[in-house]
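Structural description and commentary
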Amino acid sequence: MLIKRIIYILSFVIFICPILVLAGNISIPVEIKQPIKILLVPGHDNEIWGSQYGKIKEADMNLVLATKIYNLLKKDKRFEVFITRDSSGYTKEFADYFSLHQVDIISFKEDVKKKMENKINNGSFVKKENVPHVSATSYMSNILYGINKWVNENNIDAVIHIHFNDYPRKNAWTIGKYKGFAIYTPEEQMINSKESNNLAKDIFSQLHKKYISSNYEKELDGIIPDQSLIALGSNDSLVENVRSILIEYGYIYRFGNSVMRHKAYINMANLTVVGIKNYFLLAR
Ligand SMILES: [Zn+2]
């Protein structure tokens, strides 16, 4: 009887399981070193807070949402989570890094820019048109390159930039015509493009369960390749194994209502975390 049962179980493991896996019915965990290291970057900061709608500043919204994602991921011991800011500004780790490595960060930035210029000049990298963004001030550019340098040095598996969107219009206090979320990823020629895109797809499919993707004509694809955003590793400033994405969770003027805004933070954080876990923990 016992032998029969063992044979039955063995035959299931040997023959049926692989069939189910091949058929995509069972997801097996991907072999990945653990803990999986994630850096969350709530976009902008207290000095330059991005867009604003009434009294709501984008940097504050980004921080609330990023903190919720941080707290959810932190509960799972398979992840080691980092965040660049908290309610008092840059965390000690990052504030110290920016001030102690100021000179190194600037030479890192110049070095990657020079290497990219060479690639463009010799034709191995083709410049493409990107969706227009407000260009980073030199203060913000140094911070973003500093974050990329830190990410490369600390073997981070994924860096996720958290933003809310806006667009230039006559009166920033009115409700604009665009709505919905978009995820920006490194354009396909960039060294960290492939896996960044796969991560973006997993998060996109979760967010899309509850939210529409952007109706802005340049964001209609939902996942948008970009070469120019430092956050994504422009000038190949992020190494190959760092997945980088920038999520614009929605247009800021759609979140004027406080109750609805706080509900959105919870939903967005939950969906983002499911997307991250699906990417890192399930076989595709
Ligand atoms: Zn922003």
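Here is what the cut-offs are and how they apply
- Per-chain numbering applies: the sequence of each chain, read as written, is numbered from 1 onward.
- Restriction of local features to residues with pLDDT of at least 70 applies here, the model being predicted, together with a cutoff of 80 or more for giving and counting side-chain atom pairs; totals for whole chains, interfaces and linings are based on all residues.
- Every helix listed is a DSSP run of H or I at least four residues long, and every strand listed is a run of E at least two residues long, numbered separately from the N terminus.
- Note on burial: count the other C-beta atoms lying within 10 Å of the residue's C-beta; 20 or more is buried, 12 or fewer is exposed, in between is partly exposed, and C-beta positions come from the backbone.
- We call two residues in contact when the distance between their C-beta atoms, placed using the backbone, is within 7 Å.
- Comment: axis = line fitted to C-alpha atoms, over the contacting stretch for helices; angle = value between 0 and 180 degrees taken between N-to-C directions.
- Each angle gets one of four labels, with under 35 degrees taken as roughly parallel, over 145 as roughly antiparallel, 65 to 115 as roughly perpendicular, and the rest as oblique.
- Amino acid classes used here: Ala, Val, Leu, Ile, Met, Phe, Trp, Tyr, Cys and Pro are nonpolar; Asp, Glu, Lys and Arg are charged; the rest, including Gly, are polar.
- Between the first and last residue of a helix there are one fewer steps than residues, each counted as 1.5 Å, and that sum is the expected span.
- The pairing criterion is simple: DSSP has to find at least two bridges between the two strands.
- Buried Ala, Val, Leu, Ile, Met, Phe, Trp, Tyr and Cys residues whose C-beta atoms connect them within 7 Å together make up a nonpolar core.
- Throughout, right-handed denotes a crossover for which the path from the first strand over the helix to the second runs clockwise when the strands point away from the viewer.
- Here is the rule for handedness: rotate from the far helix to the near one, and if that takes an anticlockwise turn smaller than a right angle the crossing is left-handed, while a clockwise turn gives right-handed.

Attention now goes to the overall build of the protein. Counting secondary structure elements, the protein contains seven helices and 10 strands. The buried share of the protein, taken over its 284 residues, is 37%. Excluding contacts between residues fewer than 6 apart, the proportion of contacts in the protein whose partners are at least 24 apart in sequence is 78%.

What follows covers the packing of helix 4 (residues 102–121) against helix 5 (residues 138–153). Look at helix 4 against helix 5: their axes get within 9 Å of each other, and the N-to-C directions meet at 90°. Taken together, the axis directions place helix 4 and helix 5 in an arrangement best described as roughly perpendicular. On helix 5, the residues touching I105, I106, F108 and K109 of helix 4 are N142, Y145, G146 and K149. When its residues are assigned to classes, the contact of helix 4 with helix 5 shows four nonpolar, two polar and two charged.

A word on unusual backbone geometry. A positive phi angle, near 65°, is found at H44, a position not held by glycine. Relative to the helices and strands, H44 is located in the loop between strand 1 (36–42) and strand 2 (52–53). What makes H44 buried here is the crowd of 25 C-beta atoms within 10 Å. Even without being glycine, N235 reaches a positive phi, approximately 60°. Inspection of the secondary structure puts N235 in the loop between strand 9 (223–226) and strand 10 (243–251).

End to end, helix 6 (residues 193–210) covers 26 Å across 18 residues, agreeing with the expected 26 Å (1.5 Å per residue, within 8%). For helix 6, the complete set of buried residues consists of S193, S196, N197, L199, A200, I203, F204, Q206 and L207.

A word on the sheet that holds strand 8 (residues 182–186). On the basis of which strands lie adjacent, the open sheet formed by six strands has the order 4-1-7-10-8-9 and mixed pairing. Strands at the two margins of the open sheet, each flanked by one partner only, are strand 4 (79–83) and strand 9. Going from strand to strand, the sheet's axes swing by 25° on average, the running direction of each strand aside. Across three bridges, strand 8 lies against strand 10 in antiparallel orientation. Bridge pairing links A182 to E248 in strand 10. This element, helix 2 (residues 58–74), spans strand 1, strand 4, strand 7 (158–165) and strand 10 of the sheet and lies at about 140° to strand 7.

This next bit is on the nonpolar core. Ranked by internal contacts, the top residues of the largest apolar core, which has 61 residues, are I38, L40, I160 and I247. Among the elements that make up this core, the one with the highest residue count is helix 7 (residues 258–281) (eight residues). Setting aside residues up to four positions removed in sequence, L40 forms contacts with A66, I69, Y70, V81, I83, I160 and I162.

Before going further, it helps to examine the pairing of strand 8. Here strand 8 lies mainly inside the structure; five of its five residues are buried. Both strand 8 and strand 9 contribute to a ladder of four bridges, which runs parallel. When the bridges of strand 9 are listed, I183 appears paired with I223. Note that the unit made of strand 8, helix 6 and strand 9 has a crossover that is right-handed.

Once that is clear, we can look at the packing of helix 2 against helix 7. Interaxial distance between helix 2 and helix 7 falls to 9 Å at its minimum, and their mutual angle equals 45°. Taken together, the axis directions place helix 2 and helix 7 in an arrangement best described as oblique. Helix 2 and helix 7 meet at a crossing whose hand is right-handed. Along the contact surface, helix 2 presents V64, L65, K68, I69, L72 and L73, while helix 7 presents Y265, I266, M268, A269, N270, T272, V273 and I276.

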